[in-house]
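Breakdown of the fold
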Amino acid sequence: MNVALVAHDEMKDTIVGFCIGYESILSRYKLYATGTTAKRIMDETKLKINRLASGPLGGDQQIGSLLVTQDIDLVIFLRDPLTSQAHEPDIQALIRLCDVYHVPIATNLASAEIFIKALDRGELAWREVRKTKIQRN
Ligand SMILES: O=C(CO)COP(=O)(O)O
């Protein structure tokens, strides 16, 4: 089960706090994150993260590519709803691919807390079944 972590600049402190709070759960999964988010989390926790490009430089698209290959099972993407982003089309594409591939995506802290607890309880295990089905097609 693989988790993608992304946060816009105004939400970086929040995602770091989230990762500190849930470090023991997150440490059991393969983690991916966009460039600056990954660096902040690795600087402030012991989590190992596969660091992708920074969001504005294609990191959201790299996560999109991992969604297509069924390599991401949960996306925690703490968006800043009050600041426009130069790479908004990439952000929309990432969210769209979550819908295409039925990947849960939390775009704020409240939903992130629910999803991480669901992950911990094994409630996303259906993702493995779904992946197997898609691989057979
Ligand atoms: O811009 C982002 C997501 O759209 C996040 O990118 P960084 O983690 O590199 O700041």
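Residues numbered from 1 in each chain as written. Predicted model: local features only at pLDDT ≥ 70, side-chain atom pairs only at ≥ 80, totals over all residues.

Looking now at the overall build of the protein chain. Across its full length, the protein chain holds seven helices and five strands. Along the protein chain, helices (α) and strands (β) appear in the sequence β-α-α-β-α-β-α-β-α-β-α-α when read from the amino end. Taking 137 residues into account, the globule formula puts the C-alpha radius of gyration at 14 Å, and the protein chain, at 14 Å, falls close to it. By its C-alpha atoms, the protein chain is 40 × 35 × 25 Å across when sized along the principal axes. (Helix = DSSP H or I, 4+ residues; strand = E, 2+ residues; numbered from the N terminus. Rg over C-alpha atoms; globule rule 2.2 N^0.38 Å.)

Turning our eyes to something else, we now look at the UniProt feature "active site" (unreviewed entry) in the protein chain. When the UniProt feature table is mapped to this numbering, "active site" (unreviewed entry) covers Asp-60. Position of Asp-60 among the secondary structure elements: in helix 4 (residues 59–68). Overall, the presence of 27 C-beta atoms within 10 Å leaves Asp-60 in the buried class. (UniProt positions renumbered as here; feature names shortened; annotations may be inferred. Buried ≥ 20, exposed ≤ 12 C-beta atoms within 10 Å, placed from the backbone.)

In the numbering used here, UniProt assigns the "binding site: substrate" (unreviewed entry) feature to His-8, Lys-12, Thr-34, Gly-35, Thr-36, Thr-37, Ser-54, Gly-55 and His-87. As for its position among the elements, Thr-37 is in helix 3 (residues 35–44). For Thr-37, a count of 30 C-beta atoms within 10 Å puts it in the buried group. With sequence-adjacent residues up to four places away left out, Thr-37 is seen in contact with Leu-5, Val-6, Ala-7, Lys-12 and Ile-15. Assignment of secondary structure puts His-87 in the loop between strand 4 (74–78) and helix 5 (88–100). (Contact = placed C-beta atoms within 7 Å.)

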